[in-house]
Amino acid sequence: MNVRHQRIVFTSMLVAPDCSMNTDFIFDDHFHDHCGVFGVFGHPEAANLAYLGLYALQHRGQESAGIVASDGAELQLHRAMGEVEEIFQPSVLAKLPGNLAIGHTRYSTAGDKALLNAQPILIDCNKGKVALGHNGNLTNAGEWRRKLEHRGSIFQTNSDTEVIVHLLARSQARNLSGALGDALNQLEGAYSLLVLTTDELYAVRDPRGFRPLVLGKLLTPGGSVAWLVASETCAFDLLNAQYVREIEPGEMVRISKCGIESVHFAPAKQHQQCIFEHVYFSRPDSIIFGRSVNQSREMLGRLLAREHPVEADIVVPVPDSGVPAAVGYALESKIPFRMGLIRNHYIGRTFIEPSQAIRNFGVKLKLNPVRSLIEGQRVVLVDDSIVRGTTSRKIVRMVREAGAKEVHVRISCPPTISPCYYGVDTPTREELIASSKSPEEICKFLGADSLGYLSLPLLRQAVADTEGRFCTSCYTSVYPTDLVQLEVRGGTSTGNPAAASVTIESEPGSAEGPVVVHRES
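Residues numbered from 1 in each chain as written. Predicted model: local features only at pLDDT ≥ 70, side-chain atom pairs only at ≥ 80, totals over all residues. Heavy atoms only, no water.

(A) Here's a closer look at the overall build of the protein chain. The helix and strand tally for the protein chain stands at 17 helices and 29 strands. Expressed as a percentage of the 521 residues in the protein chain, the buried residues total 57%. Sequence separation of 24 or more characterises 72% of the internal contacts of the protein chain that already satisfy a separation of 6 or more. When the accessible surface of the protein chain is split by element, carbon and sulfur atoms take 51% of a total near 20900 Å². (Helix = DSSP H or I, 4+ residues; strand = E, 2+ residues; numbered from the N terminus. Buried < 20%, exposed > 50% of the residue type's maximum accessible area, 1.4 Å probe, protein only. Contact = heavy atoms within 4.5 Å. Areas by Shrake-Rupley, 256 points an atom, 1.4 Å probe, with all protein chains shown as cover.)

(B) Main features of the nonpolar core. Counting residues in hydrophobic clusters, the biggest one holds 66 residues, and the most contacted among them are L381, V399 and L451. Among the elements that take part in this core, helix 10 (residues 293-307) stands out by supplying 5 residues, more than any other. Leave out the neighbours within four places in its chain, and V399 touches L341, I374, V379, L381, A404 and V407. V40, A56, L228 and C234 belong to the second-largest nonpolar core, a separate cluster that totals 30 residues. (Core = buried A, V, L, I, M, F, W, Y, C linked by side-chain atoms within 4.5 Å.)

(C) Inspection of the packing of aromatic side chains at higher detail. Scanning the model with the defined rule gives 9 aromatic pairs in all. Residues Y421 and Y479 carry aromatic rings whose centres are separated by 5.5 Å and whose planes lie at 55° to one another, so their mutual orientation is tilted. With Y421 in the loop between strand 23 (406-411) and strand 24 (424-425) and Y479 in the loop between helix 17 (473-476) and strand 27 (484-489), this residue pair connects regions lying 58 residues apart in the sequence. Y479 shares its class with Y421; the two are buried. (Phe/Tyr/Trp six-rings, centres within 6.5 Å; stacked < 30°, edge-to-face > 60°.)

(D) Just the sheet that holds strand 23, in detail. Spatial strand order, 19-22-23-25: 4 strands in an open sheet with parallel pairing. This sheet does not close on itself; its edge strands, each paired only once, are strand 19 (314-317) and strand 25 (450-453). Averaged over all adjacent pairs, the angle separating strand axes in this sheet is 25°, with direction ignored. Along the sheet, helix 11 (residues 323-333) contacts strand 19, strand 22 (378-383) and strand 23; its crossing angle with strand 19, the most-contacted strand, is approximately 165°. (Pairing = 2+ DSSP bridges. Axes fitted to C-alpha atoms, helices over the stretch in contact; angles between N-to-C directions.)

(E) View of the sheet that holds strand 5 (residues 75-81). If you walk across this open sheet you meet the 7 strands as 5-4-6-3-12-11-13, and the pairing is antiparallel. The outermost strands of the open sheet, each flanked by one partner alone, are strand 5 and strand 13 (242-246). For this sheet, the mean angle separating the axes of adjacent strands, direction not counted, is 15°. Pairing between strand 11 (residues 214-219) and strand 12 (residues 225-230): 6 bridges, direction antiparallel. Residue pairing in the sheet places G216 in a bridge with L228 of strand 12. Strands in contact with helix 2 (residues 46-56) are strand 3 (35-41), strand 4 (64-70), strand 6 (100-106), strand 11 and strand 12; relative to strand 3, the strand with the most contacts, it is inclined by about 155°.

(F) A look at the environment of C471. Within the secondary structure layout, C471 lies in strand 26 (residues 470-471). Residue classification places C471 among the buried residues on the basis of a relative accessible area of 10%. Sequence-wise, C471 and F210 are 261 residues apart; in three dimensions their C-alpha atoms are separated by 7.4 Å. With residues near it in sequence (within four places) discarded, C471 still touches F210, Q272, Q273, C274, I275 and P480.

(G) Looking closely at the pairing of strand 9 (residues 192-196). With respect to burial, strand 9 is a largely interior element, 5 of its 5 residues being buried. Burial along strand 9 is two-sided: the face carrying S192, L194 and L196 and the face carrying L193 and V195 are both buried. Judged from the 5 bridges that link them, strand 8 (residues 128-135) and strand 9 form a sheet pairing that is antiparallel. Bridge pairing in strand 9 places H134 opposite L193. One ladder, built from 5 bridges, connects strand 9 with strand 10 (residues 201-205); its direction is antiparallel. Bridged to S192 within strand 10 is R205.

(H) Fine view of a nonpolar patch on the surface. A contiguous nonpolar patch, built from L52, Y55 and L238 and spanning about 260 Å² of accessible area, is present on the exposed surface. Mapped onto the elements of the fold, L52 is located in helix 2. Exposure remark for L52: the relative accessible area of 32% places this residue in the partly exposed category. (Patch = residues over 30% accessible without salt bridge, like charges linked within 9 Å, V, L, I, M, F, W, Y side chains within 5 Å. Salt bridge = Lys/Arg side-chain N within 4 Å of Asp/Glu carboxyl O.)

(I) Geometry of unusual backbone geometry. The amide bond that connects Q119 to the next residue, P120, takes the cis arrangement and shows omega of 5°. With respect to the helices and strands, the residue P120 is situated in the loop between strand 6 and strand 7 (121-125). Put simply, P319 and D320 share a cis peptide bond, and its omega is 0°. In this structure, D320 sits in the loop between strand 19 and helix 11. At K334, a position not held by glycine, the phi torsion is positive, near 65°. Residue position: K334 is located in the loop between helix 11 and strand 20 (341-343). A relative accessible area of 69% places K334 in the exposed class. The backbone phi angle of A464 is positive, close to 55°, even though this residue is not glycine. Structurally, A464 is set in the loop between helix 16 (456-462) and strand 26.

(J) Region of the structure containing the pairing of strand 23. In terms of burial, strand 23 is largely enclosed, as 5 of its 6 residues are buried. For strand 22 and strand 23, the ladder comprises 6 bridges, and the chain directions are parallel. Looking across to strand 23, one finds that D383 is bridged to I411. Handedness of the crossover joining strand 22 and strand 23 through helix 14 (residues 390-401) is recorded here as right-handed. With 4 bridges connecting them, strand 23 and strand 25 associate as parallel partners. From the neighbouring strand, R410 faces strand 25, where its bridge partner is G452. (Right-handed = clockwise from strand over helix to strand, strands pointing away.)

Set out below in structure tokens:
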């Protein structure tokens, strides 16, 4: 939906940074997706499969992870801070028996790195024992939280997911699917949601389809079919599972011993799938929104070469996320592709910084130039985005110090001018370099010989968006939700906790009841 006559008000509050070293900021000036989810129904090793699924989705969140498993009578939960592999040792997985499980891996924002915000959330309410795992942000969660607190609700976390829990418990619906529909139809924003009971698994996607959610199946050792749900199809590949289809926007899939029931619980809305999933978030080997991510990224690079050609000797990606676009740029321009920057994949999450006199120390922990490839060359440096510009500036300087004659920066998306409020950890508008500087000014800041961004029409062309079904708010400042009243805490990865709010006013939407669509066997 194109929102007209919007009044957008942004406010922000920056808190003094913590004195501890935050390596995310030093190494990585990218946006981050908040989390990934994975669900299993009908497999005797459900928790083990959930662990493997989360392992494949680790790129979507590295701060905390959790798994809830059901043996048909009880729900068992284990969650902790850290990465999937270090949390789920064999002794831990052995305590999560059953044929059903959901898992969650989370990228927490700077102010919220606490176990209390780790997911899944497990509750025991009037609807029974229920566990929830959520990918996305609810844009009216702050308003609902205040209302619920005034009515006596007590919140244990500062996660917007807990708002769903309270609305679910307060619903007068007689069954869980009805209560879920009641709760979610009162909420705005992005949610790809997994809900687990002792004997059922629900997979739900918001009506605009901001975040991805896919359905798969796997044959068990006994010959029956186990159903899987994940944020990305790459999780199915690891398990040799079959990708079936996307969970549709506005769809609630209920998986039980009776099979699969599909319900459209909300009125249809214009799809607003996150285009940044194809630019950066998702793994290149995934199929997202029905399209190969690698295919999209190579096409981004090809179109970037057509739009911003340059005479150069080599095309060098900023690894790893810039590699597919750089391949496309090289193929289209006929300029040789070279891995002129080598990434160190084995960096811990904390380190002791030596003297400040060592320039670019943080970036060099992650990237190191291959002087023999770069020296004396005119280099096209391809990356997927520029956020603050600080890391890009250091990389340009590093390439020059390795002997490059010229450095031409090419970015496979448009300038990022706006924060995201739909499940992405982004800085405030003031911190986004493109919100206040022109491409020419950014080029000068980076110290590059030239800078070229892919235009928005060509970005849409690269992902085959002929119907306007992708959200591009971060490039346009036009937000698709009818009414946004939100409070976002810790929206940066710099170690500087931030609070921001945005209000968008436009014509109100309509509401309708749920419609049963079909069943699958």
